[in-house]
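Below are the chains, spelled out letter by letter.
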Amino acid sequence: MAKSSADDEELKRACEAAIEGTKQKIAMSIRVAKSRGIWGKSGKLGRHMAKPRVLALSTKSKGQRTKAFLRVLKYSTGGVLEPAKLYKLKHLSKVEVITNDPSGCTFTLGFDNLRSQSVAPPQWTMRNTDDRNRILLCILNICKDVLGRLPKVVGIDVVEMALWAKENTPSVTTQRNQQDGPVATTVTESDLKVTVEKDLVSQAEEEDMEALLGTYVMGISEAEAFSERLKRELLALEAANVHAILESEPLVDEVLQGLEAATNCVDDMDEWLGIFNVKLRHMREDIESIETRNNKLEMQSVNNKALIEELDKLLERLRVPSEYAACLTGGPFDEAHMLQNVEACEWLTGALRGLEVPNLDSAFANMRAVKEKRAELEKLKTTFVRRASEFLRNYFASLVDFMISDKSYFSQRGQLKRPDHADLRYKCRTYARLLQHLKSLDKSCLGPLRKAYCGSLNLLLRREAREFANELRASTKASRNPTVWLEASTGGSQSGNSADTSAVSDAYAKMLTIFIPLLVDESSFFAHFMCFEVPALIPPGGVANGKSGSHGDDTNDDDLGIMDIDDNDSKAGKTSADLQSLNESLQDLLDGIQEDFYAVVDWAYKIDPLRCISMHGITERYLSGQKADAAGFVRLLLGDLESRISMQFSRFVDEACHQIERNERNVRQMGVLSYIPRFATLATRMEQYIQGQSRDLVDQAYTKFVSIMFVTLEKLAQTDPKYADIFLLENYAAFQNSLYDLANVVPTLAKFYHQASEAYEQACTRHISMIIYYQFERLFQFARKIEDLMFTISPEEIPFQLGLSKMDLRKMLKSSLSGVDKSIAAMYKKLQKNLTSEELLPSLWDKCKKEFLDKYDSFAQLVAKIYPTETIPSVTEMRELLASM
């Protein structure tokens, strides 16, 4: 027999080298063939898929604990063993020998910690059964020693393995390398601590088995004798069975008789039970009939009781308390009885809702009693709403009449009085809860009530505004400023000594400060008091113009101290119809009060038109603060005021423009026009009055003023073309000088400043060119002829043209430059002659000299190019001559 690989020391050393560093010791290593079986097709072992592997059993000691492992090693490309898989023997649950392998050399190892139990475990095939038994015995011994338990063994008898272990206790030959070469040493398996059978069958158990087997001589060694013996024993056993049956016949007869008697008793008992069953069935039917009638009676009793309870509840809901009926039909509405009125309204509202289908069972809704009671409640509601509406209309009118009849509520001569509606709102607030209930009962009744309230309060507000505006104008002392600023006939000092009219704009601001918050508060109070579904009108601590929107002791006039009765009415937001109704009511509430504001604006305009700028800024500031929906009419009022102020200011601007245009019809103008310095004074004053958003208004006025000024200036210049340029340059220079400071800070004026500067430069250029040509006309006409011919002929041909010969050049130079110093002096005198603004002369003379030198330089270049042999005075000589004069 070939040597087993389990005894191969080289294989063991190769395995130890493969797991070097793991501190594990190899107990056994053996070569195997690995293959995969197919679940449900175990007969196909797949031998053609077998792969060579090495199974190695190893242990690792850690203190008193020892761990056991089963390692699978495979051969690498170079034939060197390397670890492939590692199994812990503590998870080994089953060892199964494959029965479909005729050789019995194939087995599988089942581990309970494998991730996928659906995959067939690998099958290990040994070379022979001895190798199989050796590896399995080694696994079982290690499990017994290390783990203290044995896995389940399937497909092989443990006793058979123990007997094989006893018969095949091999000698293991180890080789030790010494100095004189390998020496063979033979040791028994007991020396290697491989005593397999002692663990499977102990010595005592083995002796008991031998004693048991020794008590009976089986004679297994002689097959024919053993077969004859078995036949004899079988015949003897059959004869004994037949004899026993024959002996038991009397007993069988007795049993049959007993069974027959028992059958008769059972038949009698069955007859009796049938009789009893019929009687019980009849009794059961009677009991069921009684129970059915009893259940019906009980159900009828329960239903009657529930019906009586429901009817009692319905009667309670239909009952009208006498105190509420008396209050709704004829009770007083004074403040002392308002609590009873509110309670009656709450009861009536709840009763009406209780008779509606969502809150009342539909079975009750069509009952005659319910319909009659609903009609009675509707009649109560109509009566109460009519009485309450009539009372409130009269109450609002009486409150306002009382306040109007008392003069102490209004401004009087020498005393401006701020309107105070705290007491009025306090008295109205008493009935706020009642209005909420009226809205819940009949929303259509609010329309006449709102009109009555608006009509009464409108009289009070208009009276307060009228008295306040009259006293405000009477108590404000301010002298009138002229409305004629740019008239040519007015004196220059008239606009410079304007009186201080700030009291006028202060009076207008006071009017807005007092009445705009009052009107906003009244609008807000009205919207809440009259149950409009609008959001908060002025946020907490809100401002309308940078100041507190509430004045007086009542710091929260909008808060009525109530909550909406109807949850559906308390939803945030509002419908467009409700907002439109609110705006219409506010129109009725505040209409007509704008006339008193217009009167203050017109009065301020008459005193000082420029105060429209300040009033425009004040109005714009108030207008930007009104954001609430209930302040819609206040926004319209401020917008109308702003339009009125803009209209008055436009009227002033138009009148000033007419004053400027009237200069055209005057006699011939010389020097600086009067409206230019006056406009500078006017612009300075307008800048002082700018507040807030009034810059656009002022810039529009500047644009209109300056546009008319420049157009008029150009028209006046055309009346005398001879002196037009002098007239234009003097006026444009005066415009720049007078507006220099303002143009640095006002972008609109800066634009017109640059426009005037360009016009000034153009007028200077035209005037200086005229003076130069007047003194040196022949010189520059000669140069112009040369320049014209250079477009058509070459420079060399020009000296041969008629009038442009060298002789003509010399004649022209002699006549033009023989007394050049006198010509230049005459040019200076002509420049000085018609100029009325002496301060402009130095700059104009410098421009004139520069212009003359530029023209003469161009002439000199032409002469050098066309007449290279001719000599003329150089540009440097001319510059020195001009500098010396």
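Conventions and cut-offs
- Residues numbered from 1 in each chain as written.
- Predicted model: local features only at pLDDT ≥ 70, side-chain atom pairs only at ≥ 80, totals over all residues.
- Heavy atoms only, no water.
- Salt bridge = Lys/Arg side-chain N within 4 Å of Asp/Glu carboxyl O.
- Helix = DSSP H or I, 4+ residues; strand = E, 2+ residues; numbered from the N terminus.
- Buried < 20%, exposed > 50% of the residue type's maximum accessible area, 1.4 Å probe, protein only.
- Patch = residues over 30% accessible without salt bridge, like charges linked within 9 Å, V, L, I, M, F, W, Y side chains within 5 Å.
- Areas by Shrake-Rupley, 256 points an atom, 1.4 Å probe, with all protein chains shown as cover.
- Lys, Arg positive; Asp, Glu negative; His and termini not counted.
- Charge placed at Lys NZ, Arg CZ, Asp CG, Glu CD.
- Expected span 1.5 Å × (residues − 1).
- Arc of directions from axis to C-beta.
- Pairing = 2+ DSSP bridges.
- Phe/Tyr/Trp six-rings, centres within 6.5 Å; stacked < 30°, edge-to-face > 60°.
- Lys NZ or Arg CZ within 6 Å of the ring centre and 35° of its normal.

A. Molecular detail of the pattern of salt bridges. Inspection of the entire model under this criterion finds 13 salt bridges. Between R13 and E10 there is a salt bridge, with the nearest N and O atoms lying 2.3 Å from each other. A residue pair is termed a helical-turn pair when its members lie 3 or 4 positions apart in one helix, as R13 and E10 do in helix α1 (residues 9–18) at three residues. Look at E10 and you get exposed, because its relative accessible area is 51%. Among the charged side chains, a network of salt bridges with common partners joins E687, R695 and D699.

B. Molecular detail of a positive patch on the surface. A cluster of basic residues, K62, R65, K67, K88 and K90, forms a positive patch on the protein surface. Take K88: it is sitting in strand β4 (residues 81–88). Classification of K88 by relative accessible area gives partly exposed; the value is 40%.

C. Region of the structure containing helix α27 (residues 820–833). Between its first and last C-alpha atoms α27 spans 20 Å; for 14 residues at 1.5 Å apiece the expected length is 20 Å, and the two agree. Where α27 is concerned, the buried positions are V820, S823, I824, M827 and L831. On an axial view of α27, the arc spanned by its buried residues comes to 100°, and they lie on one face. The exposed residues of α27 that point more than 90 degrees off its buried face are K822, K829 and K833.

D. Spatial organisation of the pairing of β4. Summarising the sheet, strand β3 (residues 65–75) and β4 pair through seven bridges and their orientation is antiparallel. Of the residues in β4, the one forming a bridge with F69 is K88. Following β3, the chain reverses through five residues before pairing antiparallel with β4; G79 in that reversal takes a positive phi of roughly 80°.

E. Up close: the pairing of strand β7 (residues 122–125). Burial of β7 is two-sided: the residues P122 and W124 facing one way and the residues Q123 and T125 facing the other way are all buried. With four bridges joining them, strand β1 (residues 25–36) and β7 adopt antiparallel strand pairing. Looking at the pairing, S35 lines up with Q123 of β7.

F. Expanded view of the packing of aromatic side chains. Under the defined criterion, the tally for this structure stands at 19 aromatic pairs. Between F391 and Y431, the ring centres sit 5.4 Å apart and the planes meet at 55°, which makes this aromatic pair tilted. With F391 in helix α11 (residues 368–405) and Y431 in the loop between α12 (422–429) and α13 (432–441), this residue pair connects regions lying 40 residues apart in the sequence. Take F391: its relative accessible area is 23%, and that puts it in the partly exposed class. Plain terms: the ring middles of F679 and F705 are 6.0 Å apart, the flat faces sit at 70° to each other, and that makes the pair edge-to-face. You can see F679 sitting in helix α20 (residues 675–689) and its partner F705 sitting in helix α21 (residues 695–718), a full 26 residues away along the chain. Overall, F679 belongs to the buried group, its relative accessible area being 0%. A residue is classified by how much of its surface remains accessible, and F705, at 0% relative accessible area, is buried. An aromatic cluster is present here, built from F391, Y395, F396, Y431, Y453, F525, F526 and F529 joined pairwise through their rings. Sitting over the face of the ring of F752, K751 holds its NZ or CZ atom 4.9 Å from the ring centroid.

Honestly, it's all geometry; don't read function into it.
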